[in-house]
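Next come the chains, spelled out residue by residue.
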Amino acid sequence: MTDLMAKAAAAALPNGTKFYWPLLGETLAFLHPHKSTSTGRFLQEHCSRFGSVFKSHLFCTPTIVSCDLELNTFILQNEERLFRSSYPKPVQDILGSLSMILVSGELHKKLRSVALSFINASKSRPDFLHVVQKLSISFIESWKTKNQVHFLNEAKQLTFYFMLKNLLSMEPEDPIAAKVLEDFLTFMKGFVSLPLHIPGTAYSKAVTARRRISATLKDIIKKRESEMSGAHVRGDFLDEVMGKGCLNDEEKVSILLDLLLAGYETTSGLMALIVYFLAHAPSALQTLQVINEALRCGNLVKFVHRKALKDVTFKEYVIPEGGKCSQFSQLHTLIPPSINIPLSSILGDGPTQQQAEK
Ligand code: HEM
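Quick summary incoming for the structure in this document. Every value quoted in this text rests on a predicted model; they were computed, and no experiment measured them.

Rules of the game
All chains use their own residue numbering, which begins from 1 and follows the written sequence. For a predicted model such as this one, the threshold for reporting local features is a pLDDT of at least 70, and the threshold for listing and counting side-chain atom pairs is 80 or more; totals across whole chains, interfaces and linings nevertheless cover every residue. In this description a helix means any DSSP run of H or I spanning at least four residues, a strand means any run of E spanning at least two, and both kinds are numbered starting from the N terminus. Every C-beta atom is placed from the backbone, and the number of other C-beta atoms within 10 Å of a residue's own sets its class: buried at 20 or more, exposed at 12 or fewer, partly exposed in between. Throughout, a residue-residue contact means that the two C-beta atoms, derived from backbone geometry, are no farther apart than 7 Å. Think of it this way: take the backbone, place a C-beta atom on it, and check whether that atom is within 6 Å of the molecule or strand, in which case the residue is near it. Note on residue categories: nonpolar means Ala, Val, Leu, Ile, Met, Phe, Trp, Tyr, Cys or Pro, charged means Asp, Glu, Lys or Arg, and polar means any other residue, Gly included. At least two DSSP bridges between two strands are needed for those strands to be called paired. Only the contacting stretch of a helix is used when fitting its axis, a line to C-alpha atoms as for every element, and angles between N-to-C directions run 0 to 180 degrees. Note on convention: near helix rotated counterclockwise from far helix by under a right angle means a left-handed crossing. Clockwise means right-handed. Take the buried Ala, Val, Leu, Ile, Met, Phe, Trp, Tyr and Cys residues, join any whose C-beta atoms are within 7 Å, and the set you get is a nonpolar core.

Scanning the protein chain from N- to C-terminus turns up 15 helices and 7 strands. The buried share of the protein chain, taken over its 358 residues, is 29%. Long-range contacts, defined as pairs at least 24 residues apart, comprise 68% of the intrachain contacts of the protein chain with a sequence gap of at least 6.

Following this line, the structure appears as structure tokens:
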């Protein structure tokens, strides 16, 4: 037997908890809320007991959880070759089956290229920074009359209105913007809740809110179509999508929703983390690495899901093919410490792990 074959033969499933609750497994413990500045008790306890790759039962599926930098990088580098995105059914119900993080193959390529061309074009638009600045100043001005400002909520509104402006040329004062924001907040609440399809639960309200947002977006698309025959060109994302003609209406709605979602929760969370970290370590501003470090120290995206397309042997582990959803957590482990002076070391008087856990 060659070395390689011997290694493959010795590989086994990672260790993990022996007893799981039926169906739920360890999902509740995994989803237990924790501060963004920590990895949460579930991962801390499991990693110290079983190592950075362990077996669990999450979202009704036997799952391998990896907090291992090398394995996570390997999984992402082998997208569509050895692994494919595979989110649990409740996520599909809430995002819609055409969401970019759920589809694969040609459809994924098509949607991704439309999204990327928008992101790249936005960056080079001459009024891009001007719009950001104008909106930010108007938000900061509004704080003058408030006794207290909840920064994360403000950042969420700011990024949401910014995305509405870029995607649909919609101004914050537009009554439809307020309606979409309200539905979006309901949608987001359910997106991170226990997926119970029972009327009245956050999850079920979110599924309904998504339908309402889709209907609103469809109306906007119809209205734009009737305008397109005239010479009224806004130069926003919707114009671009409609001009390309490669997407049907459902795909247009889905990609709009994807981008609203992508720009909303993550960017606002990052802004809030930056303010939080800088308050504890103002000198970090001089390192000019604040964004990278806030991404590394914070936990903006707790996990992504992938399934193995065939049996994969990596180091001493085997990740079995098929329905088993292999999942890896802690995206920040994918981002190598980027600088000589990590923010975490400057955060001397910042929160300790234990304080952050409280
Ligand atoms: C701090 C900010 C952000 C973080 C941490 C973040 C994180 C992520 C992660 C982890 C994924 C992979 C999900 C998966 O494959 O399962 C993803 C996908 C994606 N994100 Fe972001 N994101 C951020 C901001 C944005 C913004 C501002 C946009 C666009 C305006 C965006 C657009 C996308 C798109 C289009 C995808 C799907 C890519 C694909 O499937 O090929 N993201 N993001």
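Moving on to the site of the ligand. As a structural note, the neighbourhood of the ligand is formed by 17 residues, with A262, G263, T266, L270 and V304 the closest of them. When residues in the shell around the ligand are grouped by element, the largest group, 7 residues, is from helix α12 (residues 249–280). Of the residues that constitute the shell around the ligand, the class distribution is 11 nonpolar, 4 polar and 2 charged.

Let us now look at the pairing of strand β1 (residues 53–58). Here β1 lies mainly inside the structure; 6 of its 6 residues are buried. With 6 bridges joining them, β1 and strand β2 (residues 61–66) adopt antiparallel strand pairing. Across the sheet, F54 pairs through a bridge with V65, a residue of β2. The hairpin formed by β1 and β2 contains 2 residues between the paired strands, and F59 there has a positive phi angle of roughly 50°.

Between helix α8 (residues 151–168) and α12, the least distance of the axes is 8 Å, while the angle of their chain directions is 145°. In this structure, the crossing between α8 and α12 has a hand that is right-handed. Of α12, the residues touching α8 (which contributes F151, L152, A155, K156, T159, F160, M163 and L167) are L256, L259, L260, G263, Y264, T267, S268, M271, A272 and V275.

Quick look at the nonpolar core now. What tends to happen in soluble globular proteins is that the nonpolar side chains get buried as a cluster. Of all hydrophobic cores here, the largest spans 41 residues; its most connected members are M163, L167, I213, L256, L257 and L260. If you list the elements that add at least two residues to this core, you get α5 (89–95), α6 (105–124), α8, α9 (175–191), α10 (202–228), α11 (237–244), α12 and α13 (290–297). At 11 residues, the largest contribution of residues to this core is made by α12.

Running from N to C, helix α7 (residues 128–143) and α8 cross one another at 145°; their axes reach a closest spacing of 11 Å. With respect to the hand of their crossing, α7 and α8 are arranged in right-handed fashion. Contacts between α7 and α8 pair V131, V132, L135, S136 and F139 from the former with E154, L158, Y161, F162 and K165 from the latter.

Our focus in this paragraph is unusual backbone geometry. One non-glycine residue, E80, adopts positive backbone phi at about 70°. Judged by C-beta crowding, with 12 C-beta atoms within 10 Å, E80 ranks as exposed. You will see that K315, though not glycine, has its phi angle at about 50°, which is positive. The topology assignment puts K315 in the loop between β5 (312–314) and β6 (317–319).

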